[in-house]
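Coordinates in review
Read off the chains here:
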Amino acid sequence: MKVRRKNESLEHYILKRVGVQWLWMSGFRNIAIEVPIGNYIHDVAGWGMTKYEKRSGGQPYGVIIEAKAVKSDFTRASEQAKQTKLTAIPVAKKQLFIAPVGVIDVKDLPLGWGLLEVKNMHEVTLVKKPHILIPKGCQGTRLGDEIAKTNTALLLSALGLL
């Protein structure tokens, strides 16, 4: 299992890395890339909670980040979300897009999704906070399981055991 896919642009790969870093800096400690859920592979997924939520006794939850390097990729993903009702059945409590500045207009975001904008491929700004998509008590533990499976497969592959 490779970290960067052969058909993946360098800009998309860097956006995923920036998404991982943003989750880490936010306080999440269980993070993976290329996390499969059903027929869809999510670019970045995190399980945990922010530093503030830890201090206030919060419960861990899932966050999905989808990287979109170009407008056409975002448009295609938005159409796919409408057709598959991806936003109606969320797998994470919070879902965000990450894109270079100007690629995604806030008004075009699917219901509930947030937006991280990246300038100079490393400066991240949370432009729009995501709305909580999973009701309290339903924390989407399947996402946490898939993150663990993805990270375990990556480790085993790196060790030559898979």
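Source: prediction; values computed, not measured.

The subject of this paragraph is the packing of aromatic side chains. Scanning the model with the defined rule gives three aromatic pairs in all. A ring pair is formed by phenylalanine 74 and phenylalanine 97, whose centres lie 5.0 Å apart and whose planes are at 85°; its orientation type is edge-to-face. Residue phenylalanine 74 is found in helix α3 (residues 71–84), and its partner phenylalanine 97 is found in strand β4 (residues 94–100); the two are separated by 23 residues along the sequence. Pair check on accessibility: phenylalanine 74 and phenylalanine 97 agree, each one buried. Taking the centre distance of 4.4 Å and the plane angle of 25° together, the rings of phenylalanine 97 and tryptophan 113 count as stacked. You can see phenylalanine 97 sitting in strand β4 and its partner tryptophan 113 sitting in the loop between β4 and β5 (114–119), a full 16 residues away along the chain. Each member of the pair phenylalanine 97 and tryptophan 113 is classed as buried. Among the aromatic side chains, those forming a connected cluster through ring pairs are Phe74, Phe97 and Trp113. Above the face of the tryptophan 24 ring, arginine 29 is positioned so that its terminal group lies 3.7 Å from the ring centre. Stacked on the ring of tyrosine 61, the Lys or Arg lysine 93 has its end atom at 4.5 Å from the ring centre.

Quick notes on the rules
- Residues numbered from 1 in each chain as written.
- Predicted model: local features only at pLDDT ≥ 70, side-chain atom pairs only at ≥ 80, totals over all residues.
- Heavy atoms only, no water.
- Phe/Tyr/Trp six-rings, centres within 6.5 Å; stacked < 30°, edge-to-face > 60°.
- Helix = DSSP H or I, 4+ residues; strand = E, 2+ residues; numbered from the N terminus.
- Buried < 20%, exposed > 50% of the residue type's maximum accessible area, 1.4 Å probe, protein only.
- Lys NZ or Arg CZ within 6 Å of the ring centre and 35° of its normal.

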